[in-house]
Amino acid sequence: MKLIFAVVQNEDANNLSTALTKRGYGTTRYKSTGGFLRQGNVTFLVGVEDDKVDEVIRVIRDNCHTRTQYINPLPPVMEPGEFYMPYPVDVQVGGATVFVLPVERYERL
Ligand code: 2BA
């Protein structure tokens, strides 16, 4: 058995939830925050038999899309008289960041 962690963008979370549930996969989702952008995202936990991992990853790929976010870099420390014009920098986010971990033991009590 494997435990799949998938970090996805908020915009994709409901479609992914529906697609996985429709195919009979049990999921847990929780709100999370990316360390770099410090914006909300959603992390899914999906426990599956080994032979289902590829299908789950395909469903994630089909439902999670790459988007561009623009961020304003922090201004540098300025000397008197210096001028700094901030330009937004674009960052590509997603489709999804996926980790597949082995499960040592699984029980439903
Ligand atoms: P964030 O940490 O907010 O990162 C958002 C996007 O910013 C990343 O998209 C990546 O394009 C960029 N980025 C992240 N760290 C960077 C850095 N040190 N320098 C420059 N650009 C950087 P994704 O790679 O698609 O990641 C989306 C979200 O997935 C991340 O949000 C984070 O919540 C999670 N994630 C990504 N890699 C991870 C990892 N190795 N471990 C745990 N979570 C991860």
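Thresholds, definitions, all that
Residues numbered from 1 in each chain as written. Predicted model: local features only at pLDDT ≥ 70, side-chain atom pairs only at ≥ 80, totals over all residues. Heavy atoms only, no water. Near = heavy atom within 4 Å. Polar contact = N/O pair within 3.5 Å; in protein donor to acceptor, adjacent residues only side chain to side chain. Helix = DSSP H or I, 4+ residues; strand = E, 2+ residues; numbered from the N terminus. Nonpolar A, V, L, I, M, F, W, Y, C, P; charged D, E, K, R; others polar. Patch = residues over 30% accessible without salt bridge, like charges linked within 9 Å, V, L, I, M, F, W, Y side chains within 5 Å. Areas by Shrake-Rupley, 256 points an atom, 1.4 Å probe, with all protein chains shown as cover. Salt bridge = Lys/Arg side-chain N within 4 Å of Asp/Glu carboxyl O. Buried < 20%, exposed > 50% of the residue type's maximum accessible area, 1.4 Å probe, protein only. Core = buried A, V, L, I, M, F, W, Y, C linked by side-chain atoms within 4.5 Å. Contact = heavy atoms within 4.5 Å. Pairing = 2+ DSSP bridges. Axes fitted to C-alpha atoms, helices over the stretch in contact; angles between N-to-C directions. Left-handed = near helix turned anticlockwise from the far one by under 90°.

A. Quick peek at the site of the ligand. Around the ligand, the surrounding shell consists of Val7, Gly34, Gly35, Phe36, Leu37, Asn41, Val91, Gln92, Val93, Gly94, Thr97 and Phe99. Take Gly35: an N or O atom from its main chain is 3.2 Å from an oxygen atom of the ligand. Between the ligand and the protein, one listed contact pairs an oxygen atom with a side-chain N or O atom of Asn41 at 3.0 Å. Elements with a minimum of two residues in the shell around the ligand: strand 5 (89-93) and strand 6 (96-102). The greatest single-element share of the shell around the ligand, amounting to three residues, is contributed by strand 5. In the shell around the ligand, the residues fall into six nonpolar, six polar and no charged.

B. Structural context of a nonpolar patch on the surface. Together, Phe83, Met85 and Tyr87 make up a nonpolar patch on the protein surface, roughly 420 Å² of accessible area in all. With respect to the helices and strands, Phe83 occurs in the loop between strand 4 (67-71) and strand 5.

C. Broad picture of the pattern of salt bridges. Evaluated as defined, the whole model comprises five salt bridges. With a shortest N-O distance of 3.4 Å, Arg58 and Asp62 are connected by a salt bridge. In this pair, Arg58 and Asp62 are both assigned in helix 2 (residues 53-63), four residues apart and thus about one turn of the helix distant. When its relative accessible area of 39% is taken as the criterion, Arg58 is described as partly exposed.

D. Local environment of the nonpolar core. With 17 residues, the main nonpolar core has Val8, Leu16, Leu20, Phe44, Val46 and Val56 as its most contacted residues. Breaking this core down by element, the ones donating at least two residues are strand 1 (2-9), helix 1 (10-22), strand 3 (40-48) and helix 2. Apart from the residues lying within four places of it in its own chain, the contact partners of Leu20 are Tyr25, Thr27, Phe44, Val46, Val56 and Val59.

E. Focus on the sheet that holds strand 6. Taking strand neighbours across the sheet as the criterion, the four strands line up as 2-3-1-6 in an open arrangement whose pairing is antiparallel. The outermost strands of the open sheet, each flanked by one partner alone, are strand 2 (27-33) and strand 6. Within the sheet, the average angular offset between the axes of one strand and its neighbour, ignoring direction, is 20°. As paired elements, strand 2 and strand 3 share seven bridges and run antiparallel to each other.

F. How the structure looks around the packing of helix 1 against helix 2. At their nearest, the axes of helix 1 and helix 2 sit 9 Å apart, and the two run at 145° to each other. By crossing handedness, the relation of helix 1 to helix 2 is classed as right-handed. When helix 1 is examined against helix 2, the residues Asp12, Asn15, Leu16, Ala19 and Leu20 are found in contact with a partner set consisting of Val56, Val59, Ile60 and Asn63. Among the residues forming the contact of helix 1 with helix 2, the class breakdown is six nonpolar, two polar and one charged.

None of the figures reported here should be taken as evidence of function without further support.
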